[in-house]
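Here's the letter readout for the chains.
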Amino acid sequence: MIKKCLFPAAGYGTRFLPFTKAMPKEMLPIVNKPLMQYGVEEAMSAGIYNMAIVTGRGKRAIEDHFDISYELEHQIKGTDKEIYLNDIRKILNTCSFSYTRQIEMKGLGHAILTGENLIGNEPFAVLLSDDLCDNNGDSVLKQMCKIYEKYRCSIVAVEEVEINEVSKYGVISGKKIDNNIIVVDNMMEKPNKEEAPSNLAVIGRYILTPDIFQILKNTKPGKNGEIQITDALLEQCKNGMVLAYKFNGTRYDCGSVDGFIKATNVFYQKYKG
Ligand code: G1P
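This is a predicted model, so every value here is computed, not measured.

Novice: Describe the environment of Pro8, and please don't skip the residues or the numbers.
Specialist: As for its position among the elements, Pro8 is in strand β1 (residues 4-8). Judged by relative accessible area, which is 13%, Pro8 ranks as buried. C-alpha of Pro8 to C-alpha of Gly56: the two residues are 48 residues apart in sequence and 9.5 Å apart in space. Those residues within four positions of Pro8 in sequence are excluded, and the remaining contacts are Glu26, Val54, Leu108, Ala111, Ile112, Val126, Leu127 and Leu128.

Novice: Tell me about the pattern of salt bridges, residues and numbers included.
Specialist: Opposite charge on two side chains lets them pair, provided their charged atoms get close. Evaluated as defined, the whole model comprises 19 salt bridges. Of the charged contacts in the structure, one is a salt bridge between Arg15 and Asp253, with a shortest N-O distance of 3.3 Å. Of this pair, Arg15 sits in the loop between β1 and β2 (29-30) while Asp253 is found in strand β13 (residues 250-253), placing the two residues 238 residues apart along the sequence. The buried category is assigned to Asp253, whose relative accessible area is 13%. Between Glu189 and Lys190 there is a salt bridge whose closest N-O contact spans 2.8 Å.

Novice: So what about helix α1 (residues 35-45)? Which residues, and what values?
Specialist: For α1, the buried fraction is high: 9 of the 11 residues fall into the buried class. Every buried residue of α1 is accounted for by Leu35, Met36, Gln37, Tyr38, Gly39, Val40, Glu42, Ala43 and Met44. One or two residues past the end of α1 sits Gly47, with phi positive at roughly 80°.

Novice: Describe the side chain of Lys59, listing the residues and the values that go with them.
Specialist: Along the polypeptide, Lys59 turns up in the loop between β4 (50-55) and α2 (60-65). A relative accessible area of 4% means that Lys59 is categorised as buried. The residues contacting Lys59, other than those within four sequence positions of it, are Ala9, Ala10, Gly11, Pro24, Lys25 and Glu26.

Novice: Report on the side chain of Lys25, specifying residues and quantitative values.
Specialist: Structurally, Lys25 is set in the loop between β1 and β2. In this view, Lys25 contacts Gly13, Thr20, Leu35, Lys59 and Asp130; residues no more than four positions away in its chain are not counted.

Novice: Please set out the UniProt feature "domain: Nucleotidyl transferase" (unreviewed entry) in the protein chain residue by residue, giving values where relevant.
Specialist: The sites that UniProt annotates as "domain: Nucleotidyl transferase" (unreviewed entry) are residues 9-265. This span, residues 9-265, is 32% helix and 26% strand, and a straight line between its end C-alpha atoms measures 24 Å.

Thresholds, definitions, all that
Residues numbered from 1 in each chain as written. Predicted model: local features only at pLDDT ≥ 70, side-chain atom pairs only at ≥ 80, totals over all residues. Heavy atoms only, no water. Helix = DSSP H or I, 4+ residues; strand = E, 2+ residues; numbered from the N terminus. Buried < 20%, exposed > 50% of the residue type's maximum accessible area, 1.4 Å probe, protein only. Contact = heavy atoms within 4.5 Å. Salt bridge = Lys/Arg side-chain N within 4 Å of Asp/Glu carboxyl O. UniProt positions renumbered as here; feature names shortened; annotations may be inferred.

The structure is reproduced here in structure tokens:
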């Protein structure tokens, strides 16, 4: 039912300078795979094969990664190194990639609106690659797609965070209607702990209905002077329904050095098998 996944990938990745001076943060490796490849694989696990990527200046490595490298393929053909390309070949054989550029960085809401032409008039997923999720069973996006099939409205993935951490996130409050499912009644972008409606923080997984684009066009700059998806979602919940879902799994904030190192250790154990 959800056929496209939007990847906002134009941000500067300032928390990872100087690495991100000439390299996209989405290409940071967790063991041997770039962060964004984990994101694409998560989308595939949810039955989504059309990847819509909002890029910016200095992000060409992303396009090259999701493409064939003829010279490399030729060099390693028939050698024991070919297996290292198995996963990426599977992606290239099954997925399509479309790109558009965000010319000015005006916030996550603006990045999502920039992707409108790639999405069109259908519900879609949004995945922020620097939030890496790890699961034993269904991926977070797959869990969310199942909920979408039942409720047919926008959904945000949330987790409880320390109250001192709420100022890093979009924060929601609402009423529980089902196991792990909450009807959102308030949402704030990066509140301080005194004003936060709860400690339930939005992480980088969303399912959005396409009316969000019209709302985003009318959304004024909010926190930090940026167009915030949080503000557009609050508008959507006033006129309809938005759900928050407490997902199963562990999420690593790989946009921060601490989260990146934690994820590296966990994924290295898996890699060693
Ligand atoms: C963005 C959103 C925020 C959300 C977060 C999840 O913030 O604006 O609401 O909680 O992603 O990672 P950013 O981390 O891009 O500042």
